[in-house]
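# Report on the structure
These are the residues of each chain, in order.
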Amino acid sequence: MSGHNKTNEAAVMTYIAEYSKSIETPELFWAEKAADLAWYRQPEMILSKDSNGIDRWFADGELNTSYLALDYHVENGRGEQTALIFDSPVTGHKQQYTYAELRDEVAKFAGVLKEKGVGKGDRVVVYMPMVAEAVITMLAIARLGAIHSVVFGGFAPKELAVRIEDAAPKVIVSCSCGIEISKIIQYKPLLDEAIERSRHKPDACVILQRPQAEATMIEGRDTDWHQAMELAEPADCVPVKATDPLYILYTSGTTGKPKGVVRDNGGHAVALKYSMKAIYNMEPGEVFWAASDVGWVVGHSYIVYGPLLAGCTTVVYEGKPIKTPDAGAFWRVCAEYKVKALFAAPTAFRAIKKEDPDSACLAAYDLSALETVFMAGERLDPPTYEWTTNTLGKPVVDHWWQTETGWAICGNLTGVEHLPPKAGSSTVPVPGFNVQILDAEGNELPRGEQGSIAIKLPLPPSCLPTVWGDFNRFKEGYLSEYPGYYSSGDGGYKDEDGYVFIMGRTDDVINVAGHRLSTGEMEEVVAGHPAVAECAVIGINDSLKGQQPIGLVLLKNGIELDEAELEAELIAMVRKQIGAVACFKKAVVVQRLPKTRSGKILRKLLRQIADKQDYSIPSTIDDPASLPEIETIMARRGLITS
Ligand code: COA
Ligand code: AMP
C-alpha cells in the first residue's frame, strides 16, 4: 500500500497483520475465532475436505446456533437485556423481547414444530413479512436442528412454488398478511396457490393471523400460530454437526431456476460472531439495526444471527425509509433505540434524499448514539455516499457481499482499524477472503486493471459448500471457470492501495432496489407471451433503484398489435409470475436483436448502449445494422441514461 500519511500507515499495518494471518495461516486464525463460541463439542478438525472435495470448516465440531444466539446469553447473565425490538410504523405496534423472553418464545414455537413432526435435517419454509414471529420461527427451526428456507414476501406464488418443490419442506410457516406502506398484501392466498402449484405438499402449515386481514384456514392442514403456542411444550436445543445445514436461501442465478444456497451451522456462527466486532465494531449490549428483510441474506445474517450471536440488541422494522410516515423514519428508529450501527441498501438513502434533500426531517432526532452507517446489496454510488456522509456527519462504510458468502467479502474493518475511505470502493478484502482480479484466462491482473473478481480457495467459514440438491450446479457455476478460485460473478479492480472497486455483475443478474434478480428469469416469462418470438431483458441505470429491468421484444412474423397493450400485458405477466419486486415496468418492440453468428444475443452490447457507454462492435456480430436501429428505439422511449 502507498500514498497514506503516517497515521494512516499505522492503521493499514493493523489491518494487514489481521488479514495476512488469515491468509497465511487460515487454520490458526479460524481456530482462534472458533474458540470464542460455546460448542457442545469443540472442533479439532479446523479445515478438511468433504466427500465432494470441498473445503469444510470445523467438521468434527458440534453446536446449536439457536443455543448460541439465545440460551447461552441467558445462562451468562444477559437474560434481562433486550434481544429484539419490533417496530412497525405500518401497524403502530411496538414490542420488545428480552433474551429470556425470546428464548422462551423460540423454545415454545420449536415445540409447535416438533409436534408437527419437524426434526433434525427436515426443511421448513418460512413465508412471512417483517414481524418478530419471523425471527422466532427461524430460531425455533434452528433449535430443532432443522433447516429453514425463508422466501421473501415480494415473490409471487410461482416463485414460492419453485422453492417449495426444491426444498421439500415438512412444514410451512406463514402469515395472513403483510403491510406495504398502507397496502395490505394477503399472504395466505398466495401461499395456498403456491402449494397448489407445487408437486411437493407440506404435511402442515402454521399461520400467524394478523388483525389487518384474517386468513381462511384449510381444515386438517393449517394451524393457528397463537392457538398452537398456547398448547405447546417448549423444546430443547438439538446438537448438530458444524457442517450440517442451518438454512437454504434461494437466490437468483443466470437461469430461470433459483439456486438454493446452503449455509452450514459452524462456519456461519464463527464468521458472523467475528464479523460483529471486526467489521461492525459492535460490543454485547449495543443496538444493531439492519434495515433489510428476513427474506434476504442481509436479514438472515444481520437482523437475526449476527447481532444475537454477539449478545447485541437487534431491530425488526416493518416499514420503509420513506412514507412510514415520512423521510425521517430511519432517523426516528435510530434515535428511539439508540442504534449504534445502521445497515441498509444505498437505495434506501437515495429514496430519503429524493424525498427530503435538505434533510429537514433529521432535525427532530438525536442521533448521537449512531456511530457508523453500513451499506451493501448494490453499488454505493459516490453521490449517495457523499450525501449520507455529509447529512449525518458519520462515517459511511460500503461493503461488498453476496448471498453465497453470508458476510462481507470486502469492507472497512471498523473494529480492527477504520481505514481512510474512498468513494466508490468497498475498501479492502475482509480477513479470510483472498480476493484476486483475473483476466479471461485466469491470470491475476495488475493493480488498476479491471477483470473478474475471484476468491482464491479455500473460502473462509460461512461460504456455501454446495447448492441444495445440485452439487454440479455449484461446481459448474462457481468453481469451474477459474480452477482453484470461486468466481463471484462481479467485475472490478484493485487500485494501487489495494482498495477494491466493484463495478457490477458480469452475468445476467441485476440489482433493483438492493434486490437481486435474474434477467434470464424475466426473459422466460416475457418469451411466454404468444406474440413474442424472442426477447432480451437487460438492467439499465435507475436513479432511485440503482437498476431497472427493461424488455426488448421481437414479435412473431405477421403479428400486428398495439405496443402499449403488449407492454401492459408483459408487465402484468412478470408481476404475476415473479412478483411485484421484479419492478418490470418497461418493454419495447424492436425489429431485430443484435446477435453473434451462432445466434447468441449480445446483451452486454445492449447494456452498453442503454448506459451510453463506448462499445466496440464484436467481430462475431451477425447484423451490425441492428445496433443504430435499437439505439434509436431506446432513445425514443427515454431508455438511454448515462
Ligand atoms: N411483500 C410484498 N410486496 C413487496 C414486498 C414484500 N415484502 N417488498 C416489496 N414489495 C412490493 C412493493 O410494494 C412494490 O409493489 P408495487 O409495484 O405494487 O408498488 C414492489 O414490490 C417493488 O418494491 P420496491 O422495489 O421495494 O419499491 P418501492 O417503490 O415500494 O420502495 C424503496 C422503494 C427505495 C423505499 C424500497 O425499495 C427500499 O426500501 N429499498 C431498500 C431495499 C433493501 O433494504 N434491500 C435489502 C438488501 S440489503
Ligand atoms: P445478494 O446475493 O442479494 O446479496 O447480491 C449480491 C450482489 O449484489 C453482488 O454480487 C453484487 O453484484 C451486488 N453487491 C452487493 N454489495 C455490493 C456493494 N457493496 N457494491 C457493489 N455491488 C454490491
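As shown above, the structure is provided for reference.
Because the structure is a prediction, the values reported are computed rather than measured. (Residues numbered from 1 in each chain as written. Chains lettered and ligands numbered in written order. Predicted model: local features only at pLDDT ≥ 70, side-chain atom pairs only at ≥ 80, totals over all residues. Heavy atoms only, no water.)

## Considerations on the environment of Leu272
For Leu272, the location among the structural elements is in helix 9 (residues 266-278). Each C-alpha atom, one on Leu272 and one on Ala194, is 33 Å from the other, the two residues being 78 residues apart in sequence. Not counting chain neighbours up to four residues away, the residues in contact with Leu272 comprise Ser301, Tyr302, Tyr305, Gly306, Leu309, Gly406, Trp407 and Ser462. (Helix = DSSP H or I, 4+ residues; strand = E, 2+ residues; numbered from the N terminus. Contact = heavy atoms within 4.5 Å.)

## Some thoughts on the nonpolar core
Counting 119 residues, the largest nonpolar core has Leu102, Phe109, Leu139, Tyr302, Tyr305, Phe343 and Trp407 as its most contacted members. By residue number, the principal contributor to this core is helix 5 (residues 132-143), which donates 9 residues. Beyond its immediate stretch of four places on either side in the chain, Tyr305 contacts Thr65, Met138, Leu139, Ala142, His148, Leu246, Tyr247, His268, Leu272 and His300. Among the nonpolar cores identified, the runner-up in size contains 44 residues, and Phe155, Leu160, Tyr187 and Ile248 belong to it. (Core = buried A, V, L, I, M, F, W, Y, C linked by side-chain atoms within 4.5 Å. Buried < 20%, exposed > 50% of the residue type's maximum accessible area, 1.4 Å probe, protein only.)

## Things to note about the side chain of Arg603
Along the chain, the position of Arg603 falls in helix 17 (residues 603-610). With a relative accessible area of 17%, Arg603 lands in the buried category. The residues touching Arg603, leaving out its near neighbours within four places in the chain, are Asp508, Glu523, Cys535, Ala536 and Ile538.

## Description of the site of ligand 2
Taken together, 15 residues lie around ligand 2, and Asp398, Thr403, Asp490, Arg505 and Arg516 are the ones closest in. Separating a nitrogen atom of ligand 2 from a backbone N or O atom of Glu378 is a distance of 3.4 Å. Arg505 is positioned such that a nitrogen or oxygen atom in its side chain is 2.7 Å from an oxygen atom of ligand 2. In isolation ligand 2 exposes 500 Å². Once the protein is present, 94% of that is buried. (Near = heavy atom within 4 Å. Polar contact = N/O pair within 3.5 Å; in protein donor to acceptor, adjacent residues only side chain to side chain. Areas by Shrake-Rupley, 256 points an atom, 1.4 Å probe, with all protein chains shown as cover.)

## Considerations on the site of ligand 1
Inspection of the region around ligand 1 gives 24 residues, with Glu180, Lys183, Ala513, Lys545 and Arg575 positioned closest. Lys183 places a polar side-chain atom, nitrogen or oxygen, 2.8 Å from an oxygen atom of ligand 1. Contact between ligand 1 and Tyr187: a nitrogen atom at 3.5 Å from a side-chain N or O atom of the residue. Coverage of ligand 1 by the protein chains reaches 84% of its 940 Å² of free accessible surface. For the shell around ligand 1, a count of residues per class yields 12 nonpolar, 6 polar and 6 charged. (Nonpolar A, V, L, I, M, F, W, Y, C, P; charged D, E, K, R; others polar.)

## Some points on the packing of aromatic side chains
How two aromatic rings sit relative to each other is given by the distance of their centres and the angle of their planes. Under the counting rule described, the total for this entry stands at 33 aromatic pairs. With a centroid separation of 4.7 Å and 70° between ring planes, the pair formed by Tyr280 and Phe374 is classed as edge-to-face. With Tyr280 in the loop between helix 9 and strand 16 (287-290) and Phe374 in strand 19 (residues 372-375), this residue pair connects regions lying 94 residues apart in the sequence. Accessibility assignment for this pair places Tyr280 and Phe374 in one class, buried. Feature note: the residues Phe29, Trp30, Trp39, Trp57, Phe58, Tyr274, Trp407 and Phe433 constitute an aromatic cluster, connected by ring pairs. For the cation-ring pair, Arg163 lies above Phe155, with the distance from its terminal atom to the ring centre recorded as 4.5 Å. Stacked on the ring of Tyr499, the Lys or Arg Lys422 has its end atom at 4.5 Å from the ring centre. (Phe/Tyr/Trp six-rings, centres within 6.5 Å; stacked < 30°, edge-to-face > 60°. Lys NZ or Arg CZ within 6 Å of the ring centre and 35° of its normal.)

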